[in-house]
Each structure stands twice: as structure tokens, then as C-alpha cells.
Amino acid sequence: MQRREFLKGTAALSLAAALPGTAWAEVVFAPKPGAWRAVDLVTKITVEKPDGKMQAWIPLPSVTESEWIRNGETTWTGNTASATRVRDQKYGAEMLHVTWKESEAAPVLEVTSRVEMRDRAVDLSKPGKVAPLSAAERKLNLEGTALIPVDGIVKQTSDKIVAAANAKSDIEKARAIYDWVVENTVRVAATRGCGVGDIAAMLKTGNLGGKCADLNALYVGLTRAAGVPARDVYGIRVIPSQFGYKSLGAGSANVTKAQHCRAEVFLEGFGWVPTDPADVRKVMLEEPPTNLAISDPKVVAAHKTLFGAWEGNWIAYNTAHDIALPGSTHPKLGFLMYPQAERASLLLDCHDPDNFKYALTATEVKPS
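Residues numbered from 1 in each chain as written. Predicted model: local features only at pLDDT ≥ 70, side-chain atom pairs only at ≥ 80, totals over all residues. Heavy atoms only, no water.

Participant: Would you explain the side chain of Asp 119 in this entry?
Facilitator: Relative to the elements of secondary structure, Asp 119 occurs in the loop between strand 6 (108–117) and strand 7 (120–121). We note that Asp 119 is buried and unpaired, the nearest opposite charge coming from Arg 37 at a distance of 6.6 Å. Of note is the side chain of Asp 119, whose polar atom sits 2.6 Å from the backbone nitrogen of Gly 312. (Helix = DSSP H or I, 4+ residues; strand = E, 2+ residues; numbered from the N terminus. Buried < 20%, exposed > 50% of the residue type's maximum accessible area, 1.4 Å probe, protein only. Lys, Arg positive; Asp, Glu negative; His and termini not counted. Salt bridge = Lys/Arg side-chain N within 4 Å of Asp/Glu carboxyl O. Polar contact = N/O pair within 3.5 Å; in protein donor to acceptor, adjacent residues only side chain to side chain.)

Participant: Whenever I open this one, helix 7 (residues 212–225) confuses me. Can you help?
Facilitator: Over its 14 residues, helix 7 runs 19 Å from end to end, which matches the ideal 20 Å to within 8%, given 1.5 Å per residue. Taking burial as the measure, the 14 residues of helix 7 include 14 buried ones, the bulk of the element. Gly 227 lies just past helix 7 and shows a positive phi near 85°. (Expected span 1.5 Å × (residues − 1).)

Participant: Help me understand the sheet that holds strand 14 (residues 314–318) in this model?
Facilitator: Adjacent strands of a sheet pair through backbone hydrogen bonds, lying either parallel or antiparallel. The four strands are arranged 12-11-10-14 in an open sheet whose pairing can be described as antiparallel. The two strands at the open ends of the sheet, each matched to only one other strand, are strand 12 (271–275) and strand 14. Taken over all neighbouring pairs, the strand axes of this sheet differ in orientation by 40° on average, direction set aside. Judged from the five bridges that link them, strand 11 (residues 259–267) and strand 12 form a sheet pairing that is antiparallel. Bridge pairing in strand 12 places Leu 267 opposite Gly 271. (Pairing = 2+ DSSP bridges. Axes fitted to C-alpha atoms, helices over the stretch in contact; angles between N-to-C directions.)

Participant: Honestly, the nonpolar core in this entry has me stumped. Any pointers?
Facilitator: One broad rule of soluble globular proteins: the nonpolar side chains tend to lie buried together. If you look at the biggest cluster of nonpolar residues, it comprises 91 residues, and the most contacted ones within it are Leu 41, Ile 45, Tyr 219, Leu 222, Ile 236 and Val 238. For this core, the element with the most residues is helix 7, which contributes nine residues. Leu 222 has contacts with Val 154, Thr 157, Ser 158, Ile 161, Ile 177, Trp 180, Val 181 and Leu 203, leaving out every residue within four places of it along the chain. Counting residues in hydrophobic clusters, the runner-up holds 10 residues, among them Ala 320, Ile 323, Leu 325 and Leu 333. (Core = buried A, V, L, I, M, F, W, Y, C linked by side-chain atoms within 4.5 Å. Contact = heavy atoms within 4.5 Å.)

Participant: Is there a simple way to think about the packing of helix 5 (residues 170–184) against helix 9 (residues 297–305) in this case?
Facilitator: When two helices pack together, their arrangement is captured by the angle between the axes and the distance separating the axes. As a packed pair, helix 5 and helix 9 sit with axes 11 Å apart at the nearest point and diverge in direction by 150°. Judged by the inter-axis angle, helix 5 sits roughly antiparallel to helix 9. Seen along the crossing, helix 5 lies across helix 9 with a hand that is right-handed. Contacts between helix 5 and helix 9 involve Arg 175, Tyr 178, Asp 179, Val 182 and Glu 183 from the former and Ala 302, His 303 and Lys 304 from the latter. For the contact of helix 5 with helix 9, the class distribution of residues is three nonpolar, one polar and four charged. (Parallel < 35°, antiparallel > 145°, perpendicular 65-115°, else oblique. Left-handed = near helix turned anticlockwise from the far one by under 90°. Nonpolar A, V, L, I, M, F, W, Y, C, P; charged D, E, K, R; others polar.)

Participant: What is the right way to look at the sheet that holds strand 16 (residues 346–347) in this model?
Facilitator: Ordered in space as 4-5-2-15-16, the five strands form an open sheet in which the pairing is antiparallel. For this open sheet the edge positions go to strand 4 (82–87) and strand 16, each flanked by a neighbour on one side alone. Pairing of strand 15 (residues 340–343) with strand 16 involves two bridges; the strand directions are antiparallel. For Arg 343, the partnering residue across the bridge sits in strand 16 and is Leu 346.

Participant: Mind showing me how you'd approach unusual backbone geometry here?
Facilitator: Peptide bonds are mostly trans, and most non-glycine residues show a negative phi. With an omega of 10°, the peptide bond between Pro 288 and Pro 289 qualifies as cis. Along the chain, the position of Pro 289 falls in the loop between helix 8 (277–286) and helix 9. A positive phi angle, near 50°, is found at Ala 344, a position not held by glycine. The topology assignment puts Ala 344 in the loop between strand 15 and strand 16.

Participant: Before we go on, may I ask you to explain the environment of Lys 282 in this structure?
Facilitator: Note on placement: Lys 282 falls in helix 8. Classification of Lys 282 as buried rests on a relative accessible area of 9%. The spatial distance from the C-alpha of Lys 282 to the C-alpha of Lys 211 is 8.1 Å, given a sequence separation of 71 residues.

Participant: So what exactly am I meant to see when it comes to the packing of helix 5 against helix 8 here?
Facilitator: At their nearest, the axes of helix 5 and helix 8 sit 9 Å apart, and the two run at 30° to each other. Classified by the interaxial angle, the pair formed by helix 5 and helix 8 is roughly parallel. In this structure, helix 5 meets helix 8 at a crossing whose hand is right-handed. Contact residues: helix 5 offers Tyr 178, Val 181, Val 182 and Glu 183, while helix 8 offers Pro 277, Val 280 and Arg 281.

Participant: I keep staring at the packing of aromatic side chains and nothing clicks. Help me out?
Facilitator: Geometrically, a pair of aromatic rings is defined through the distance of the ring centres and the angle of the planes. The final tally for this structure, using the stated rule, is 10 aromatic pairs. An angle of 50° between the planes, with centres 5.2 Å apart, marks the rings of Tyr 178 and Phe 307 as tilted. Of this pair, Tyr 178 sits in helix 5 while Phe 307 sits in the loop between helix 9 and strand 13 (309–310), and the two are 129 residues apart along the sequence. Pair check on accessibility: Tyr 178 and Phe 307 agree, each one buried. Residues Phe 266 and Trp 272 carry aromatic rings whose centres are separated by 5.4 Å and whose planes lie at 75° to one another, so their mutual orientation is edge-to-face. For the pair Phe 266 and Trp 272, one class covers both residues: buried. Across from the ring centre of Trp 36, 3.8 Å away, lies the NZ or CZ of Arg 70, which sits over that ring. In this structure, Arg 120 is placed above the aromatic ring of Trp 310, and the distance from its NZ or CZ to the ring centre is 4.7 Å. (Phe/Tyr/Trp six-rings, centres within 6.5 Å; stacked < 30°, edge-to-face > 60°. Lys NZ or Arg CZ within 6 Å of the ring centre and 35° of its normal.)

Structure representation (C-alpha cells):
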């Protein structure tokens, strides 16, 4: 960050602390395209107690949206027998697939990706000339997946939300569903990882709790069911928030457990619009002093901002669903946001990095 921008941001935060709640909300949380920031994201894996066939799959940053993310070089080192960069044909998600010799006594791997990112903000009051989605892209971002169906109870719920809001246009439908998810879901701290994202089960049981892979998947499914293209974007937080939100950024250089998925909706005249209803609920649960009311100024600011903007302190991996790990006999993954590994054909628990033995670190560097 340039010194002038840093001082302006610090002054804004100082001013916000002295102002009433509504002023705090208006002053602080206002991401907008500006300076780029860069990070080296390093993933380290050690396979303990090596046994039989051993392989791993590392998600790589592969979202290409030049307005807010630029992917640089990815390199890797280790004692692998093979290492192949693989690209999913349907979604374009990339991963590094590695194998080790069965005789390898201490399998290790280190992957480094350079990524540049910046804030996003779409002025939803000023539609412009934006190329429409191709027929194939529109179909892809309207169809159901194994965990995100767009028929049955999902369609029924979506129709009720849209009707209750008397929403006619795509932007009205997308906003009504966003507000409904914010107002009716809850972030559950005990949820493992980022959640599962089985939205039909959530709606059938009435248990609308979870984390980002649950709540943002619910938004995507309900929005698709309303006929509006939407998608999950799976990634990881890598830098602290510059807007005073402790819950919306990486707490340190150790980002091993900082995975986070966001969401986007495609609106004619605006293109892909950033959204993140799950992070509104995260602010409610975690932002000091915690368990904030939906009327709290910090929550109001997040609720307002996270439909149309998000902060560039996060790396996007992919937008993929139902991912098959090449060389594995295990079922497809609902999404690819965590390192994966097998030992003697046993898929290791990606939500248990202490026993799986992997670590991710993010170091901010000078952008190009």
C-alpha cells in the first residue's frame, strides 16, 4: 500500500471510532478498485507414516478475472516421483497432482503461487455495456450440482422468496435472495472446515446453520433456481482486512485454516457481481464483542457492502463443483478448496491439518 493511502485509511478508522454507529458503517467498509497487492502463497505437505501408494492434490489459483485477480507463477519442490499440473475441463479448476514412490521414507512437497489481487466494487445504480454470458456459460451457472440442486425444495423456496419480495428483475431477485440468506441463516462455529454445502438437506431439515460453503452455496442454489446465473468462488484469506474487521481477514501469515468461499451473481449490464452473505453472518458471530445483532452498525455495513463489493485480501482458487481427483478411486469432491492426499489408498482428512500435516503461509510481497 502507498503511504498516502495507508495514512488516509488510518485516519478513516480513527474518525470512525469517534463517530456514531451509522457513521462508522458509512466511513469504514468501502472496498473499491485501487492499488494491487501481491502475496506468495506457500503450501507444505508431509505424508507421515508412509504406506503403499501415496499421492496428493493441491488446489492452485486458477480464476482469471483481470479486473481483480492476476495469477503469477506457480513453482514446486519436493521428493515426488511425478508432479503434473491438471486442469478440470468443465470449470477450468487447476490442481497440482503429485505421487511418491512407495519406498519414499519421508514424502514432502512445497508449492508456491504468486497472486496479485485488489478490491472490487460494482455500482449497481449505473448499468453499462457488458458482454452477456455465452449460452454455455449461462447453462453452466444455472445448472444444479450434486450438493446444489435447483429443483424440488430449492426451487420452491426460491419461488417463495422472490414472490414475497415481488422481485421481477434479475437484480431484484438476486438482492431479495441475498437478504433472505443473511436474515434466515446462522454461522455455526462448530462446523468442520467451511461446511459441506448440502443445501437441499439444509432446507428439508430447517437447519440453516453452517459456514461459508453452506451459506453461500445456499445463496447460489436459490439464485440459480430463480433463473439468475450464480457461482461459488472457492479460495483462501491471505491478508488482514484494511477496514477494521478482524473477522474478515487473515489473522497472521499462517493461513492453514483460512479457507473461505465467496459467491458471484451475473447481472445484465453489470457482469459478475461479488456477493458474500456468509461473511455477514460471520461478522455477526465473530466481530468483537461477538454475537452482534443484525442492527449493529458493523453488521449493517457488511450487509450493505457485501452485495456488490468485496475486499481484495483473498485469493480465489476456482468455481468448480463435483471434482474428480485424477488417479484416485474416491468419490468426487463437492468442491476443491483444501489440499488432498492419499496414503495406501486412504483419503486423509483435509479438515485435520495437524494430523494430515500440511500448512499454508501467505507472505505479502511487492506487486509487479
